[in-house]
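# Remarks on the overall topology
So the chains spell out like this:
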Amino acid sequence: MHILPLFPALGLGGAFLVSLLGRRSKKFCDIFTNVITCALFGLSLYSLCILKSQTSPLVYKVGGWIPPIGISLVLDGLSSFMLIIVNFVAFMITLYSVNYMEKFTAKFKFYTLFLLMLAGMNGVIVTGDIFNLFVFLEIASVASYALVAYGVEAEELEASFKYLIMSSVASLFILLGIAFLYSYASTLNMADIAVVLSEKGLNNAMLFASILFIVGFSLKAAIVPFHAWLPDAHPSAPAPISACLSGIFIKALGVYTLCRLFYNVFGANPALLNLFMGLGAVSIVVGALLALGQVDFKRLLAYSSINQIGYIILGLGLGTPLGILGALFHLFNHSVFKSLLFLNSGAVEYTVGTRNIRDMGGLREKMPVTSSTSLIASMSISGIPPFNGFFSKLIIILACIHAGHVVYSFWAILGSILTLAYFMKLQKNVFFGNLPERYNNVREVPFFMKTAMVMLAIACIVGGFMVLPKVKKYILSPAQNVLTHGLDYKNINEIGVK
Amino acid sequence: MNYNSPHKGMTLIVKTITRITVGLILLYGIYITLHGHVSPGGGFAGGVIIALSFIHLMLAFGKEEALRRLPKPLVSLFESLGAILFFTIAILGFVGGYFFLDWLNKGEPFKLFSAGSILLSNIAIAIKVSFGLFGIFLVLVLLKFTPKK
């Protein structure tokens, strides 16, 4: 139980220590950051064990203050599930950065900002207080603005500026929503707000607040009408950061917060679910169509993120247990294979020096590890049977049909076919075909980059087993139960405080 | 080095007044920080006032003089130290039972030495904020734009 505050604290403490001591030695930064992220991954696995041995969610009192008065941290199935995803991908990314970030100066600044961002994401996931959530959201966002502009070229600065403005607008919407919520409920503790809302009911001010939250968090999650910043910001960052932003950042700050607020605090209602389904279907189709025309490796992947986030939102919008299961499973799968694909794009850029897929070709012979892991990730994301992406998409499509929304299942299938189309285009142009003369001296990337990619590829294959009933009950089912029995969340202050 | 040189910074009048006021501003910032738990103010407000005294110095005497007294590595060192100090207070509470637990003697209300670890936290925040704000100002001053041809 004591481990809960360590999730944000380790990241923050690590960031300050790296900025203090990392200036002298690059080796220290590499080792120290990897130890921190590895420890966080271990702790998140341990949190799953703690949760198994308990019957109720756990609430931690920060500073010893009882929950509605002080800030509380909450560990339940959903937050444990998200912690595992975030910290696993973050560990792989820091492993990859050991070699990749060599070409940049001031590596310690990268690690400082990365750890701050990770602390922000972990904080958003574990906190039980809505204003605290906003603070951690801002920590993660501000660190990510700096990381997007890390290369300080004109294009990167422009993308970062655009991202900064869009994301700040989102934060303002969220802050205004919190202000409305506080004026109505007179408390900031999320479980306490849920209690007040279920007693007093929702009025027009709360409707307005929920619209503000939908706009704000959808901007963070890049769901379609609010997606314009993502295709600029994600490709501009260094590859590990692109992987982090697309793989876990938009999920921890966008999708998770939407789930937490609208399933656990406000309670899911049909109008809201219809809105989610509509947004999800639009994201699927628009993201896929926009991705088809791209020739920049990372830009294509960025549009693909919009496409895949659509599946998650569609599954959540269904509101049925099967739909929620599919959405959470796809959330895990997408974070694994999308970060792998971004790391692949980084590996290709590292050796070839360009991101335009028209200038590449035949790299399969020269870079066997990169090309085979990228093939696994591409097949997973397009939903080819033995890999994990197939199962999650299948569950979401089946859930659509079960719930009687056949039209939405059509859009989901169409989106999946388009996904296959643009990843075939990617594979053909980059790894298959003829090798241009000038790339004859290209070599495979260094050891740590290979290790990270191979481990993520293994996760792509093994991830498919998570829906087996015996494995499901340990990881996916607890997370699913938090959302299907959404309003049970309001009782956690009574049963969970230790 | 003669920091009264008329070629650097502002005029003699400004420099003379600055020499008198800068210490008072710094002292006022420290006062606001230390009395944060008994009167309005606190670590952030006090830190901002301390940073303003540094900035005041830089405006009046020019950036060379200010950088000689507070070089950039020192600023970033203190900024990190402030953060780590605050973090240490939280971790000490964690070791004692709860994260951010106030483990010190609470003392008598409205006295300077009361409210346990809040005073220490205010000092840590003041260090972080003052050097952080001055660091931002410094970076903006030292930044040079090279227009693209």
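Residues numbered from 1 in each chain as written. Chains lettered and ligands numbered in written order. Predicted model: local features only at pLDDT ≥ 70, side-chain atom pairs only at ≥ 80, totals over all residues. Heavy atoms only, no water.

Attention now goes to the overall build of chain A. Helices and strands together make up the secondary structure of chain A, namely 21 helices and two strands. The C-alpha radius of gyration computed for chain A amounts to 21 Å, which stays within 12% of the reference 23 Å derived for 498 residues, consistent with globular compactness. Overall, chain A is about 70 × 55 × 45 Å in size when its C-alpha atoms are taken along their principal axes. Relative to its full complement of 498 residues, chain A shows a buried share of 63%. Total accessible area on chain A stands at roughly 17,200 Å², and carbon and sulfur atoms take up 68% of it. (Helix = DSSP H or I, 4+ residues; strand = E, 2+ residues; numbered from the N terminus. Rg over C-alpha atoms; globule rule 2.2 N^0.38 Å. Buried < 20%, exposed > 50% of the residue type's maximum accessible area, 1.4 Å probe, protein only. Areas by Shrake-Rupley, 256 points an atom, 1.4 Å probe, with all protein chains shown as cover.)

Attention shifts here to the pairing of strand E2 (residues 72–75) of chain A. Residue and element names in this part refer to chain A. Residues Ser 72 and Val 74 point to one face of E2 and Leu 73 and Leu 75 to the other, with burial holding for every one of them. Pairing of strand E1 (residues 58–61) with E2 involves four bridges; the strand directions are antiparallel. When the sheet's bridge partners are listed, Lys 61 is paired in E2 with Ser 72. (Pairing = 2+ DSSP bridges.)

Our focus in this paragraph is the domain arrangement of chain A. All names here are of chain A. In terms of domain boundaries, chain A breaks down into domain 1 (1–267 + 492–498) and domain 2 (268–467). Between the C-alpha centres of domain 1 and domain 2 there is a distance of 23 Å. Residue-level contacts link 43 residues of domain 1 with 50 residues of domain 2. Taking both partners together, domain 1 and domain 2 bury about 4,000 Å²; carbon and sulfur atoms supply 78% of that area. For the pair domain 1 and domain 2, the number of links is two salt bridges. Put simply, Asp 232 and Arg 299 hold a salt bridge, and the shortest N to O gap is 3.1 Å. Viewed at the interface, domain 2 and domain 1 are joined by 15 residue pairs in polar contact (both at pLDDT 80 or more). Within the residue set of the side of domain 1 that touches domain 2, elements represented by two or more residues are helix H3 (77–100), helix H8 (204–221), helix H9 (230–236) and helix H10 (239–265). Looking at which element gives the most residues to the side of domain 1 that touches domain 2, the answer is H10, with 14 residues. (Domains from an automatic or database assignment. Contact = heavy atoms within 4.5 Å. Buried area = accessible area lost by both parts, 1.4 Å probe. Salt bridge = Lys/Arg side-chain N within 4 Å of Asp/Glu carboxyl O. Polar contact = N/O pair within 3.5 Å; in protein donor to acceptor, adjacent residues only side chain to side chain.)

In many reports, interface size means the accessible area that the parts give up when they come together. Each partner contributes to the interface: chain A provides 17 residues, whereas chain B provides 14 residues. A buried area of about 1,300 Å², summed over both sides, lies between chain A and chain B, and 73% of it is on carbon and sulfur atoms. The largest share of the area that chain A buries against chain B comes from Phe 16, Leu 20 and Gly 63 of chain A, three residues that together contribute 35% of it. Where chain A meets chain B, there are zero salt bridges. Counting every contact that joins chain A to chain B gives four residue pairs in polar contact (both at pLDDT 80 or more).

The next point concerns the packing of aromatic side chains. Aromatic rings in a pair are described by how distant their centres are and how their planes are angled relative to each other. Residues and elements named next belong to chain A. The tally for this structure, following the rule as stated, stands at 26 aromatic pairs over all chains. Relative to Trp 229, the ring of Tyr 163 lies with its centre 4.8 Å away and its plane at 20°, an arrangement referred to as stacked. Placement of the pair is Tyr 163 in helix H6 (residues 154–185) and Trp 229 in the loop between H8 and H9, with a sequence separation of 66 residues. Trp 229 carries the same exposure label as Tyr 163, and that label is buried. Seen from their ring centres, Phe 213 and Phe 217 are 5.9 Å apart, and the 15° between their planes marks the pair as stacked. Here Phe 217 and Phe 213 lie together in helix H8, a separation of four residues that amounts to about one turn. Judged on exposure class, the residue Phe 213 and its partner Phe 217 are both buried. An aromatic cluster is defined as three or more aromatic residues linked by ring pairs; in this entry it consists of Phe 104, Phe 110, Tyr 111, Phe 114 and Tyr 150. Over the ring of Tyr 184 we find Lys 200; its NZ or CZ atom is 4.6 Å from the centre of that ring. One residue, Arg 438, lies across the ring of Tyr 439, its end atom 4.8 Å from the ring centre. (Phe/Tyr/Trp six-rings, centres within 6.5 Å; stacked < 30°, edge-to-face > 60°. Lys NZ or Arg CZ within 6 Å of the ring centre and 35° of its normal.)

Further remarks concern helix H2 (residues 26–52) of chain A. Its 27 residues give H2 of chain A an end-to-end C-alpha distance of 40 Å, which sits within 8% of 39 Å, the value for a rise of 1.5 Å per residue. Its side-chain oxygen placed 3.4 Å from the backbone nitrogen of Lys 27 of chain A, Ser 25 of chain A serves as the N-cap of H2 of chain A. (Expected span 1.5 Å × (residues − 1).)

To continue, consider the nonpolar core. With 179 residues, the main nonpolar core has Met 117, Met 121, Phe 213 and Leu 363 of chain A as its most contacted residues. Mapped onto the domain boundaries, this core takes at least three residues apiece from domain 1 (1–267 + 492–498) and domain 2 (268–467) of chain A. (Core = buried A, V, L, I, M, F, W, Y, C linked by side-chain atoms within 4.5 Å.)

What follows is about the packing of helix H12 (residues 297–318) of chain A against helix H17 (residues 406–430) of chain A. Residue and element names in this part refer to chain A. Taken N-terminus to C-terminus, the directions of H12 and H17 make an angle of 160°; their axes are 11 Å apart at the nearest point. Compared by their axis directions, H12 and H17 come out roughly antiparallel. Here H12 and H17 pass one another in a crossing that is left-handed. Between H12, through Phe 297, Leu 300, Leu 301, Ser 304, Asn 307, Gln 308, Tyr 311 and Leu 314, and H17, the contact on the second element is made entirely by Tyr 408, Ala 412, Gly 415, Ser 416, Thr 419, Tyr 422, Phe 423, Leu 426 and Val 430. Grouping the constituent residues of the contact of H12 with H17 by class yields 11 nonpolar, six polar and no charged. (Axes fitted to C-alpha atoms, helices over the stretch in contact; angles between N-to-C directions. Parallel < 35°, antiparallel > 145°, perpendicular 65-115°, else oblique. Left-handed = near helix turned anticlockwise from the far one by under 90°. Nonpolar A, V, L, I, M, F, W, Y, C, P; charged D, E, K, R; others polar.)

A separate point is empty space enclosed by the protein. Residue and element names in this part refer to chain A. Overall, the coordinates contain two cavities of 30 Å³ or more when judged by the stated rule. Looking at the largest cavity, its volume works out to about 60 Å³. Elements with a minimum of two residues in the lining of the largest cavity: H6 and H8. In terms of residue count, H6 provides more of the lining of the largest cavity than any other element does, four residues in total. Split into classes, the residues belonging to the lining of the largest cavity amount to six nonpolar, one polar and one charged. (1 Å grid on protein atoms, 1.4 Å probe; cavity = no way out; pocket = protein on both sides within 12 Å on 5 of 7 lines; lining within 4 Å. Points joined across faces, edges and corners; volume = space filled by probe spheres on them.)

Pairing between side chains of opposite charge can happen when the charged atoms of each approach one another. Residue and element names in this part refer to chain A. Per the stated rule, a full pass over the model turns up nine salt bridges over all chains. Ionic pairing is found between Asp 76 and Arg 260, a salt bridge with its closest N-O pair at 3.0 Å. Here Arg 260 lies in helix H10 and Asp 76 lies in the loop between E2 and H3, a separation of 184 residues in the sequence. Asp 76 sits in the buried class, given a relative accessible area of 4%. The residue Lys 107 makes a salt bridge to Glu 102 at a minimum N-O spacing of 2.9 Å. Three or more residues joined by partner-sharing salt bridges are found here, namely Lys 26, Asp 30, Glu 102 and Lys 107.

Residues and elements named next belong to chain A. Where H3 meets helix H18 (residues 447–463), the axes come as close as 6 Å, and the angle between the chain directions of the two elements is 155°. Judged on the interaxial angle alone, H18 and H3 are roughly antiparallel. Once H3 is placed against H18, the crossing between them reads as left-handed. Here Phe 88, Met 92, Leu 95, Tyr 96, Val 98, Asn 99 and Tyr 100 of H3 come into contact with H18, specifically with Phe 447, Phe 448, Met 449, Thr 451, Ala 452, Met 453, Met 455, Leu 456 and Ala 459. For the contact of H3 with H18, a count of residues per class yields 14 nonpolar, two polar and no charged.

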